[in-house]
Amino acid sequence: MLGIGSNIDPEANSIRILARLIEKFGPVLVSRLYYTTPSGMVSDRRFVNFCAVIRTELAPEACKSVCVAIEAALGRDRSAPDCKVSDRPADIDLLLRLPSRNPDPRDVAGADYLLQPTRELLALLKGDDVPAAGERLCLLRKLPDAPATIDRDDRGCLVVVGEDRLGGERDGLHAAFRAE
């Protein structure tokens, strides 16, 4: 599971981050997106934060390298001494390797602003009811206002968004996201 955020053109960069994740990893399971205030830094720019689940055989270090490359491609300068407390177009962190035995969202999220999106995805993965949306929901016209799976359709260069389905499977998750 990934924790994702942006506070430089956050709506557009959230879409860009997801498009790059799809290019690198294939289908991506996405929580709702939320507006949050900066945490651990001084900024007047609000963030869009959310979580995503990808399927990969990469070791965590290699997966993180792919995520850092996505951040850099979108304009984040990780070589700057203050990059951890600076505004950023993209921030992608590894939160949890799935499947995992009974993960507690409070342990997984690592930060309060990722707690609600973490709860949403863990509920979806377990087959539990997805909690109601939290406050400060970011509604992008290009994404639904519920956790969703997204994929790219290369035939039309489209990003395909489907609530509760992926690859035509109804009322469940694509096999790539089911616990093994």
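Residues numbered from 1 in each chain as written. Predicted model: local features only at pLDDT ≥ 70, side-chain atom pairs only at ≥ 80, totals over all residues. Heavy atoms only, no water.

1. Here's the deal with the packing of aromatic side chains
- Applying the stated rule across the entire model yields zero aromatic pairs.
- A cation over an aromatic ring shows up here: arginine 46 above the ring of tyrosine 35, its NZ or CZ 3.5 Å from the ring centre. (Phe/Tyr/Trp six-rings, centres within 6.5 Å; stacked < 30°, edge-to-face > 60°. Lys NZ or Arg CZ within 6 Å of the ring centre and 35° of its normal.)

2. Concerning unusual backbone geometry
- With a phi close to 45 degrees, aspartate 9 is a non-glycine residue in the positive phi region.
- A positive phi is found at arginine 136, a non-glycine position, where the angle reads about 60 degrees.
- Counting through the fold element by element, arginine 136 comes out in the loop between α4 (115–126) and β6 (137–138). (Helix = DSSP H or I, 4+ residues; strand = E, 2+ residues; numbered from the N terminus.)

3. Quick word on α4
- Across its twelve residues, α4 extends 16 Å between first and last C-alpha, which sits within 8% of the 16 Å expected from 1.5 Å per residue.
- Burial analysis of α4 places nine of its twelve residues in the buried class, the great majority of the element. (Expected span 1.5 Å × (residues − 1). Buried < 20%, exposed > 50% of the residue type's maximum accessible area, 1.4 Å probe, protein only.)

4. Details of the layout of surface pockets
- Of the volumes computed, that of the second largest pocket is approximately 330 Å³.
- Lining the second largest pocket are 23 residues; nearest its centre among them are Ser39, Arg88, Asp91, Asp93 and Tyr113.
- Listing elements by their share of the lining of the second largest pocket, those giving two or more residues are β1 (2–6), β4 (47–53) and β5 (91–94).
- Considering every element that reaches the lining of the second largest pocket, the biggest residue donor is β1, with three residues. (1 Å grid on protein atoms, 1.4 Å probe; cavity = no way out; pocket = protein on both sides within 12 Å on 5 of 7 lines; lining within 4 Å. Points joined across faces, edges and corners; volume = space filled by probe spheres on them.)

From the geometry alone we can't say anything about function, so treat these as descriptive.
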